[in-house]
Structures are given as structure tokens and as C-alpha cells.
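So the chains spell out like this:
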Amino acid sequence: QQEEELKSLKEAEQAARAKEQEQQMAEAIARAKKEAEERVAREMEEAVRRVEEAAAESEARNREKQALDMQRPGYEATVAAENMLEHQRRASSLLRPLDDKPLDESVAEAPPQTGMETASTAKAKSHRVVKEELFDVVIERDLPGGTLGVAVDLWDGEVTVGAITTGGPADREGTLVQGDVIRAVEGVICSTIEEVTQMVIRGAKALRLSVCRRPVTVVLESEIKMKMPSGEWEPFAFRLLSNRNIEFEKLSPPVYAGEIHARLAQSLNLLEERGERLLEIVTGHKSFQIKANLQTEIDMWQLRLQEVIMLQEKVANVAHGWLLKEESGPDNGKGIGTQFKHYWFVLFSNGILMYFSGPDRAVLGQALGFVPVEHCTESSQPNMHTILIRCSFTSWLLATKNKESMLQWAASLKCAQPSKNTEKKVVDSVLAQGWLDLPKEDEEIGERWVRHWFVLKTSVLNIFSEEQKNDKKLEQPIVALAASDMAAATRAQGVDFYKWGIILETTDGTLLRMRAVGQSEMRQLLSTLNVNCIPTKRVDHATPRYERTVSVLKSGWLFKKSEKLGGIAYKGRAWQRRWFVLSVVAEAGTEEGTVVKQASLNYYHSQNDRKEAVMIPLKEAMSVKGGLGKTKGTEHRVTLNTPQREWELGSGQDTTAKEWIELLQEWIGLPKIERIQRSQTGSESAVKSQWMEVRVDAYTPPEISDEDLARYNTIQKESSFSRAFTLGTPRGRKKDKEEAPVSPVEAEKSDREVVEVEEEEEAAFKWVYVALMSDHTLRQYENELMTTELARLKLGYLVQATMLDEPIDTYEHAFRVKPESATSDTWICCPDSAEDSKAWIAVLKA
């Protein structure tokens, strides 16, 4: 009985102790909450005080400056002129359509659909402001207490203009632009979004805003790569500006620049591709994928863009305070081991935890890092109370100094859930509009180009006739191409290249030909289509993709020994000059992760003839060997043995024959199968590349004269064992007309006709994509993808690159490229301008 009493007393004591602990915990939480509220109140009061002091100081500076200005002679005339210039500057700073008409007029003529609010990207464009400007703007609303047509953000601790609705009161007034800071409403200073909202609701129909416009600064700048609609990665210079726009500049041809409105981003995803981490920026219409050489750059872009996304979600501060964060060697400043550092942490209502250097810097735009709270585990030890937070791409270990603080943070973290990728309102922005030309077939004059008006939105390209534009009937376009149906946008070639032509390819293979009104308009439209509209191709990352490529290893003139008819007489002349091309086709193999390379040797009658090719089957060749002959011009021989025939080629240059033998010995036989290396794109990279017109003046060996051929036949007759069979048909045998050998006169006449055709074709320029490669070769390609090679020139170390002494008509800025070898071809290259020619010459000589 005593034991039972003792046991009951012990249980009662434990229950009382537990109740006391719970009460102490509740009191501690209440005290912490009260202290936090008091601290936040003090911080808010201090922030309001600083804002008021800054406003007063700015106003005092303005009054002092105005007082000094008023003392100057002619002050009133100067003020009037400055006001007019300021009005013109603000009007010209807005984004104009491609025909240089004011945007407000264009927007009025192309209104958005009923019930849809369209963000004005005109007011989102980055404006060049030299110094800080303070001014008032009066906006006339449709109704008292109605909307201003402005979306505001709390960026860097200030209420700023995040977006302006097209056709709204603020857009019609035309002064506000994205990034403007709203200091006061009707003279009342406002430091939070709530204060601005209350003043707008209580205000009259005409509302006066006090605005501060600062110079746009670069928040983050990196040289990164972005995936294009074709699936290729292109280098870009990316700059995140203080007005939350991303300014980009393409660093590879064709070069263009533009802006991406970061506020349109809805979510961010980290992806893996062949061991590299990619950042995917998802908007309502398109996904952008970027990557960088350093992972820290991708992490910083993810952080800054996450802050921009949170501005739109209007997140609230759930909990904040000092915590210790574990940092590894590279992050803690000492470079070794790990240590805990103090940071100010803020937990937002969307489940995002961010940390800052201190409470005075705890505003969106100045975060040092973030993590979505997907998993949270707390642990308590005698001297350490920790919280482990994990998400899909990182994990944080945080520590508190006492158990009470740990429990309080753990409860808040577990209650906060990261916001799901719910469907958000899609903003269909007008990206560009203006005039362009479309082709139209005419029965009398053939093809002619007709003027049209276009409006390019984020989701669709609408094209209207000139009559619809003049009559302001833009409800029903004659062409409506959805962005999801666009596959690629490239600059046109040939004649259209000089007319600022663009080829827009659709997913079903249809080509839409367009011509812009000028070079700048063409570049703007091309960049807008590729960057903002055309969806990026998604690639299966499980298996690396290998594009089919064609490379020309060597090309040039050689003499080919003719085949004998029945082993008795040659077809035509014994030696015939032909243009030989050795190329290699590489494509994906049947086995995963392999590439098959197959070489082919073809010869043609002339350098520019690509139709009547004769192929020498290299995959059946058993051997390649060199030799010497006695016929002038073919002394250095190249012999390929195949089961059907022995092919004998000749050159007058020993080095030329040796180069052909070395390459052919490497590529005869069965196709080569190789493993695709990680991120394999070829061992050479392009140093400089550009579209241009090129003429190839190939080194042409002289034809073999009749005397040399007669001497060759005489030598062969004297040294041949069966000379009766080598010289011709036996006496007394009737010649058959179909099998009779061609007479030397007819053969010579035929060859002369071929030479004349060759010279005419060689005089023509071709429009090709020229690239100077890192292996010091100059190459011609069919297009910018550089997958099909047309010609290759090995430069050597003493390459000659000079302007032509006697310029060719219509090719005034052409330049000559001649390698050091006397038997090498010469390329005459003609880019767009003389400046381009000088730049190429400088690079080739470097």
C-alpha cells in the first residue's frame, strides 16, 4: 500500500511538473511574441522616421536649388524650354512600335480582348535616367475610389510601380513607368503598400502621386548560355536591372539585344542535363532555360528571380529573428571546415525562408539566400538546439541558443507550406507592332511584296492588311499564328537577306516569309520571336542527342587515270582532271550513346558541279598506296584498290599526294563507331563566324598536253610486254561504232568545253556561313547550325589576308585569303561592310 501511495505521489509530482513546464513554455512564447511585436513596431517607427527625414531633406534640396535658379536671368524662358524638353524626353522614352508611331496611339488601335487586362510592356522598358528625379503626377480615374491601373510592389523597402495596365488611367496619362517609387499620395507620405492602397481608396477622382524616379542600375550581371528554340545553347550577356527587367545581348551571330520582363515569371525549376544544373524560368507562355560556367551564378539568378516572383504573390512576414546557420569552407570566409554564422531570418507566408545580413536589410531585393521549407526536423542536445530544413535542391542546418526558441521556430516552419504551382493569371503583353511586308503572287508580274500591319503579343502574332489598319478595324486579323505553333525564326538568305527578310517556320513545316522595314526593326522582331515567343524544344535528357553532321576533310583537283575498255583502250584521254571531295558523315548509331562516321570520296567534272558525282567506294577499298609515274603532272600517284577496280590518281605535287594518301588510309574500310563523350560538340570551336558571299579560286594544275600523253604512250609501248594490246585495236579487226575509242581531237574538244564551263562557274560567288575554327581552318557551312560543311581551307601559319588590289564590281569590300602553301586554294570573301572585312583580316593575321 505504501508503494502504491509513493507511486501515486510521484505521478502527481510529474504531472504538476509537466503542467508547470507547459505553462512556462506558453508564457515564454507569449513573451517572445510580445517582444517581437514591440520590436517590429519600433522598426516600423524608425523606418517611417527615416523616410520622412529623407523626404524632408530632398524637399529642402529642391527648394534650395529652385531659389538659386530663380536668381538667374531669363529663368521663366528656361523653365518653359526645360518643361517642353522633359515632356518630349518622357514621350520618346516609351517603347515605340516598329514604325516609330507613339505607342498610346497604336495601343488604342489594337485594344485587348474584352474582360482581359493586358500589361503594358512599353512602360516596363528600361529608361535611361541620369540622376534622381522628383515630380508629381495627377491621374484622372474613371470613378472616385476606382483603380489607377497600376500594380505596386515593395521592392528594396520602397513602394514601386511593378506593372501598368494597358489602357488604364495611368497608361492614358503616360508619365509613370515600371520602377518608379511612390513616395506620397495627396501629400501624405506612404511607406507600405497598405498605406498607398488606403489613400487611393479614400482619394478623389483625380489623384496626385509624388514620385521618385532613379537611374536604372544593374543588380546582377552574368555571361550565361540560354537554350534557343532550335535546342542549341547560345551565349548571352544577362543583366538584371533595378526595375526588375532582364536586359540581354546575344554574343554570337546573329547578334541582337532586348529585354525579358522578369515580373512575368511564375515559377523557377532547377533541372539536370548531362551533369549540369539548369535554371528554368516558367512564364504563362514560355519556359526559359539558362546555365552558367559557375554554379554560384545560377544560384544567384535563382535567388533574385525568386524575390521578383514573391513580389507578385504579396507574401506576408510570418516569423523573423536571429538564427545561426551552418556554412561550409568556401562560404564561411575561412575556406576550411564548417562554422555557424549569425543571420536575420524571415519566414514568409508562401513557405519560403530567407536570410539577410540584418533586420535593417530584411527587404526583398537584398536577400542572401532562400529555401522552400519542404521538410523540417528539429533536434535538441544539451549545448545545441538545431533545425534541419531540406528541399529538392539544398538543405540548411540552423541552430538556436535555447530550446524555447527552437520549438517556436519549428512550429512556425511546420505550419508554413510552400505555395504550389497553381495556375496564375496569364498576362498577354504586346511585345512589338509595326509594318512589315508579305509576298503575294501576281499573275502579271509574279511575286510582289505587300505592306501589312502586325501586332506581336506574348501568345500570338496577328497580321492585318493595310486597309484594316487605315480603317482602324483590327478585330479580325488575316493571319493569326499562335506562339505554340512557331518552331523557328531565322534571317532569310539570298536576295531577302538584303531586304531584311525573316523566315518564320511553323511546327507543321510551313514557312512564313516576311520583310521588316529596316535593319534595327528586323533585329528587334527576330530577337522578340526567338526569346519571348517561340517555345524552347524539350530534349530527353536521359540520352545525349547527336545531330547529323557533314564535314569536308579535303577537296581539290587531281588527275584520274581513265578506265580501259576491255583492257585495251582508254575511255577518252588517258588522264582526266577532276575535282575530288573527301567528306565524312557523322550520325547517331543504333546503339545508345554511339556515333557512326562514314567517309565518302566523290569526284566531279568541275569545282561547282554537285549533281553528276562519281563515288569511289571507300568502304570496299582494301588498301591505299603511293607511287611514282612518268607522265608530267601526274608523277606522284595515289592508288586505291577495290574488288571491282584499281583507281589510280595523280598529282604534280608530292605534298598534295601525301596529304590525300594519309587521309584515305585513315578512312578506308568499314564505318567507324565511336562513343559519344559527355557534352561532345566537336574538338574545334568557332573563333569568328559570319554570313558572307565567297568565291573559291581553286588551285588548278595545268592540263596534260598531247605531247606528254604521246610521250607516255611511247614509253608504255617500249616497256610493255604486250604492246599490241596497249596501243589499240589489232589490225584487220572491224571497229564497232559504240565501242570505238574517242579520237584525241574529240576528247580535247570535250575537255575544253568542260574547262570553259568550269571557269564560268568558278567566277560565281556563293552565299555561305563562314567560320574561322580554333584549329586554324576556314570553313563554309550551309547555315548557322554548322552541321553541313561545304568547303574547308587549311590556313597554316603564314596566311595572307588582304583587300583586293582591283575590287570586283558590286564586291568593293571583298578580301583575299591565301594560305602559305603554293598549291592551296584562294578564297575571295565579301561580308556586309568594309569594317567587317578589316575585322576578319585582323583576326586571320593574329
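Fair warning: this is a prediction, and the values are worked out from it, not measured in the lab. (Residues numbered from 1 in each chain as written. Predicted model: local features only at pLDDT ≥ 70, side-chain atom pairs only at ≥ 80, totals over all residues. Heavy atoms only, no water.)

Here's the deal with the overall build of the protein chain
Across its full length, the protein chain holds 15 helices and 44 strands. Residue burial in the protein chain is summarised as follows: out of 846 residues, 44% are buried. Residue pairs in contact within the protein chain that sit at least 24 positions apart in sequence constitute 57% of those at least 6 positions apart. When the accessible surface of the protein chain is split by element, carbon and sulfur atoms take 50% of a total near 45,800 Å². (Helix = DSSP H or I, 4+ residues; strand = E, 2+ residues; numbered from the N terminus. Buried < 20%, exposed > 50% of the residue type's maximum accessible area, 1.4 Å probe, protein only. Contact = heavy atoms within 4.5 Å. Areas by Shrake-Rupley, 256 points an atom, 1.4 Å probe, with all protein chains shown as cover.)

Considering the environment of Ser328
Within the fold, Ser328 resides in the loop between strand S14 (317-327) and strand S15 (339-348). C-alpha separation for the pair Ser328 and Phe340, spaced twelve residues apart in sequence, amounts to 9.0 Å.

Things to note about the nonpolar core
Proteins that are soluble and globular tend to have nonpolar side chains buried together. Ranked by internal contacts, the top residues of the largest apolar core, which has 38 residues, are Phe238 and Met354. At eight residues, helix H6 (residues 295-313) tops the list of elements feeding residues into this core. If near-sequence neighbours (up to four positions away) are discounted, Phe238 is found in contact with Leu220, Glu221, Ser222, Ile224, Met226, Ile246, Glu247, Phe248, Ile260, Ile290 and Trp301. One finds Leu431, Phe454, Met486 and Leu529 within the second-largest nonpolar core, a separate group that totals 22 residues. (Core = buried A, V, L, I, M, F, W, Y, C linked by side-chain atoms within 4.5 Å.)

With respect to the pairing of S14
Where S14 and S15 come together, ten bridges link them in antiparallel fashion. The residue of S15 that forms the bridge with Leu324 is His342. Note: S14 against strand S20 (residues 395-400), two bridges, orientation antiparallel. Of the residues in S20, the one forming a bridge with Lys325 is Leu398. (Pairing = 2+ DSSP bridges.)

A look at the pattern of salt bridges
Think of it this way: side chains of opposite charge can pair up when their charged atoms draw near. Evaluation of the coordinates by the stated rule reveals 22 salt bridges. Residue Glu249 is joined to Arg239 by a salt bridge in which the shortest nitrogen-to-oxygen separation is 3.8 Å. Placement of the pair is Glu249 in strand S9 (residues 245-250) and Arg239 in strand S8 (residues 233-241), with a sequence separation of ten residues. Exposure remark for Glu249: the relative accessible area of 33% places this residue in the partly exposed category. A residue is classified by how much of its surface remains accessible, and Arg239, at 14% relative accessible area, is buried. (Salt bridge = Lys/Arg side-chain N within 4 Å of Asp/Glu carboxyl O.)

Focus: the confidence of the model for the protein chain
Low pLDDT means the predicted coordinates in that region are not meant to be read closely. In this model, the protein chain carries an average pLDDT of 76, and 77% of its residues clear a pLDDT of 70 or more. This model gives residues 83-124 a pLDDT under 50, and the stretch forms 86 contacts once residues within four places in sequence are excluded. Within the model, the stretch residues 754-762 combines pLDDT values under 50 with 16 contacts to residues more than four positions away or in other chains. (pLDDT = per-residue confidence, 0-100.)

Some details on the packing of aromatic side chains
As enumerated under the stated definition, the model contains 16 aromatic pairs in all. Between Phe370 and Phe393, the ring centres sit 5.9 Å apart and the planes meet at 55 degrees, which makes this aromatic pair tilted. With Phe370 in strand S17 (residues 369-372) and Phe393 in the loop between strand S19 (384-390) and S20, the pair connects residues that are 23 residues apart, well separated along the chain. Judged by its relative accessible area of 9%, Phe370 falls in the buried class. The class of Phe393 is partly exposed, set by a relative accessible area of 24%. An aromatic cluster of at least three residues, connected via ring pairs, comprises Phe236, Phe238, Phe248 and Trp301. Taking NZ or CZ as reference, Arg451 lies 3.8 Å from the ring centre of Trp435, over its face. The ring of Trp557 carries the charged tip of Arg577 above its face, separated from the ring centre by 5.1 Å. (Phe/Tyr/Trp six-rings, centres within 6.5 Å; stacked < 30°, edge-to-face > 60°. Lys NZ or Arg CZ within 6 Å of the ring centre and 35° of its normal.)

Some remarks on helix H7 (residues 403-415)
For H7, which comprises 13 residues, the first-to-last C-alpha distance of 18 Å matches the rise-based estimate of 18 Å (1.5 Å per residue) to within 8%. For H7, the set of buried residues is Ser405, Met406, Trp409, Ala410 and Leu413. The arc that holds every buried residue of H7, seen down its axis, measures 130 degrees, which confines them to one face. Looking at the buried side of H7, the elements it contacts are S14, S15, strand S16 (352-356), strand S18 (375-381), S19 and S20. Sitting at the amino-terminal end of H7 is Asn402, which places a side-chain oxygen 3.3 Å from the backbone nitrogen of Glu404. (Expected span 1.5 Å × (residues − 1). Arc of directions from axis to C-beta. Polar contact = N/O pair within 3.5 Å; in protein donor to acceptor, adjacent residues only side chain to side chain.)

Here's the deal with the sheet that holds strand S12 (residues 276-283)
One open sheet accounts for seven strands, arranged S10-S9-S8-S7-S13-S12-S11; its pairing is antiparallel. A strand with exactly one partner marks an edge of an open sheet, and here the two such strands are strand S10 (257-261) and strand S11 (265-273). Direction aside, the axes of adjacent strands within the sheet are offset by 35 degrees on average. The pairing of S8 with S9 spans five bridges and is classified as antiparallel. (Axes fitted to C-alpha atoms, helices over the stretch in contact; angles between N-to-C directions.)

Regarding the environment of Val585
Considering the arrangement of structural elements, one finds Val585 in strand S31 (residues 575-588). Judged by relative accessible area, Val585 falls into the buried class, the value being 18%. The spacing of Val585 and Val550 is 35 residues in sequence and 4.6 Å in space, taken between C-alpha atoms. Other than its neighbours up to four places away in sequence, Val585 contacts Arg548, Thr549, Val550, Val596, Lys597 and Gln598.

Some remarks on the side chain of Glu521
Structurally, Glu521 can be placed in helix H10 (residues 519-533). The side chain of Glu521 is buried and forms no salt bridge, while Arg523, the nearest opposite charge, is found at 9.6 Å. A distance of 3.0 Å separates polar atoms of two side chains, one belonging to Glu521 and the other to Ser520. (Lys, Arg positive; Asp, Glu negative; His and termini not counted.)

Thoughts on the pairing of strand S39 (residues 766-773)
Counting buried positions over the eight residues of S39 gives seven, a clear majority of the element. Summarising the sheet, strand S38 (residues 686-697) and S39 pair through eight bridges and their orientation is antiparallel. Counted as the bridge partner of Ser689 is Ala771 from S39. The turn linking S39 back onto strand S40 (residues 777-781) is made up of three residues, and His776 within it adopts a positive phi angle of 65 degrees.

Some thoughts on the sheet that holds S14
Taking strand neighbours across the sheet as the criterion, the seven strands line up as S17-S16-S15-S14-S20-S19-S18 in an open arrangement whose pairing is antiparallel. The strands lining the two open edges of the sheet, one partner per strand, are S17 and S18. Each neighbouring strand pair of the sheet contributes to a mean axis angle of 35 degrees, computed without reference to strand direction. For S18 and S19, the ladder comprises seven bridges, and the chain directions are antiparallel. Pairing of His375 across the sheet is with Arg390, part of S19.

A closer look at unusual backbone geometry
Its identity is not glycine, yet Glu186 carries a phi of approximately 55 degrees, on the positive side. Topologically, Glu186 is positioned in the loop between strand S4 (181-185) and strand S5 (188-189).

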